[in-house]
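# Overview (structure and organization)
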Amino acid sequence: MFMILTKNDIEAMGRIERLNLVNSLTGPKPANLIGTIDREGNPNLAIFNSVVHIGSHPALMGFILRPAGDVRRHTHENIRATGVFTINSVGVEVIAGAHYSSAKFDAEVNEFTECGFTEEYLPDFPAPFVAESRLKIGLAFDSELPIPSNGTSLIIGRIEHVMMDDSLFAPDGKLDFESYDAAAVSGLNTYYSVTKKAVFPFAHPGKFPETLNEKKV
Ligand SMILES: Cc1cc2nc3c(=O)[nH]c(=O)nc-3n(C[C@H](O)[C@H](O)[C@H](O)COP(=O)(O)O)c2cc1C
């Protein structure tokens, strides 16, 4: 049996149930911590599940920022103030601290220390990286695209730095997440680990893909 929910069913749901359902519909997404700093030098860290690749030339990444509402969005304010931010991949061993970073801490609270992480800096790049992360990206703010239907926006950054564990980098430029144990998150509180299943060649019509590795799906 398949359950069918119509638009009206979804609209009739309670706020939390609807939020949980719609947030889960895209499936597990990468868990990332976004690091920023304000003009006074206070670092800020928060978890985001909406990080996406926008394009590789120029190298761009982005994420969806929820509407401010009555609470301040420190990540947004800091990016607008300093023009830089970092995206740090979350390993499964630090999911509790990463999740804790979503709490509404006051601006003066250092979420790095509060959530069990360590700040790391590159010369001439003010935004803090997460030392514990095995893949971290430094970005310069590029643009903000408002999404009129719900007041969210897509924040786009240009990739300026990529720092990663040596074991991640494969000779063809792909990252090998097999040994990495990166966390994925479904909805807003359920964390998964990811496992490599197959590598396929570029797809062409008329040639059903066969795996390039020994693992069969
Ligand atoms: C798993 C998870 C994923 C989240 N993803 C996003 C997201 O993609 N966009 C967003 O605006 N907030 C997201 N949040 C909420 C932020 O983490 C939260 O609002 C945080 O307090 C923002 O911190 P800031 O005020 O320092 O920017 C997410 C929360 C959780 C628990």
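Our subject is the structure listed above.
This section reports on the structure supplied with the text.

The rules behind these values
- Residues numbered from 1 in each chain as written.
- Predicted model: local features only at pLDDT ≥ 70, side-chain atom pairs only at ≥ 80, totals over all residues.
- Heavy atoms only, no water.
- Helix = DSSP H or I, 4+ residues; strand = E, 2+ residues; numbered from the N terminus.
- Polar contact = N/O pair within 3.5 Å; in protein donor to acceptor, adjacent residues only side chain to side chain.
- Pairing = 2+ DSSP bridges.
- Phe/Tyr/Trp six-rings, centres within 6.5 Å; stacked < 30°, edge-to-face > 60°.
- Buried < 20%, exposed > 50% of the residue type's maximum accessible area, 1.4 Å probe, protein only.
- Axes fitted to C-alpha atoms, helices over the stretch in contact; angles between N-to-C directions.
- Contact = heavy atoms within 4.5 Å.

## Focus: the environment of Asn 150
On the secondary structure map, Asn 150 appears in the loop between strand S9 (135-147) and strand S10 (152-164). Sequence separation of Asn 150 and Pro 67 is 83 residues, and the distance between their C-alpha atoms is 7.8 Å. Within the structure, the side chain of Asn 150 is placed 2.7 Å from the side chain of Thr 152, a separation counted as a polar contact.

## Comments concerning the sheet that holds strand S1 (residues 29-30)
Pairing within the open sheet is antiparallel, and its three strands lie in the order S1-S11-S12. Sheet topology places S1 and strand S12 (190-193) at the edges, where each strand pairs with a single neighbour. Bridging between S1 and strand S11 (residues 183-186) involves two bridges; their strand directions are antiparallel. Within S11, the position partnered with Lys 29 by the bridge is Val 185.

## A closer look at the environment of Phe 125
Counting through the fold element by element, Phe 125 comes out in strand S8 (residues 125-130). Sequence separation between Phe 125 and Ala 140 is 15 residues; the distance between their C-alpha atoms is 9.3 Å.

## Thoughts on the packing of aromatic side chains
For any pair of aromatic rings, the description consists of the separation of the ring centres together with the inter-plane angle of the planes. The tally for this structure, following the rule as stated, stands at five aromatic pairs. Between the aromatic rings of Phe 125 and Phe 129, the centroid separation amounts to 5.7 Å while the plane-to-plane angle is 35°, which identifies the pairing as tilted. Between Phe 177 and Tyr 180 the ring centres are 5.3 Å apart and the planes differ by 25°, which places this aromatic pair in the stacked class. Judged by relative accessible area, which is 32%, Phe 177 ranks as partly exposed. Ring pairing ties together the aromatic residues Phe 48, Phe 63 and Phe 85, which thus form one cluster.

## Re the pairing of strand S5 (residues 59-65)
Of all the seven residues making up S5, five are buried; the element is thus mostly covered by neighbouring parts of the structure. Hairpin remark: strand S4 (residues 52-56) followed by S5, antiparallel, with two residues in the connecting loop. Note that S5 and S10 share six bridges and pair antiparallel. From the neighbouring strand, Phe 63 faces S10, where its bridge partner is Ile 155.

## Let's talk about the sheet that holds strand S3 (residues 43-48)
Sheet architecture is open: seven strands sit in the order S3-S2-S6-S9-S10-S5-S4, paired in antiparallel fashion. The open sheet has two edge strands with one neighbour each: S3 and S4. Within the sheet, the average angular offset between the axes of one strand and its neighbour, ignoring direction, is 35°. With four bridges connecting them, S4 and S5 associate as antiparallel partners. Counted as the bridge partner of Gly 55 is Leu 60 from S5. Its contacts with the sheet put helix H3 (residues 74-82) on strand S2 (32-37), S3, S5, strand S6 (84-89), S9 and S10, and the angle it makes with S2 is roughly 50°.

These results come straight from atomic positions and should not be treated as a statement about function.
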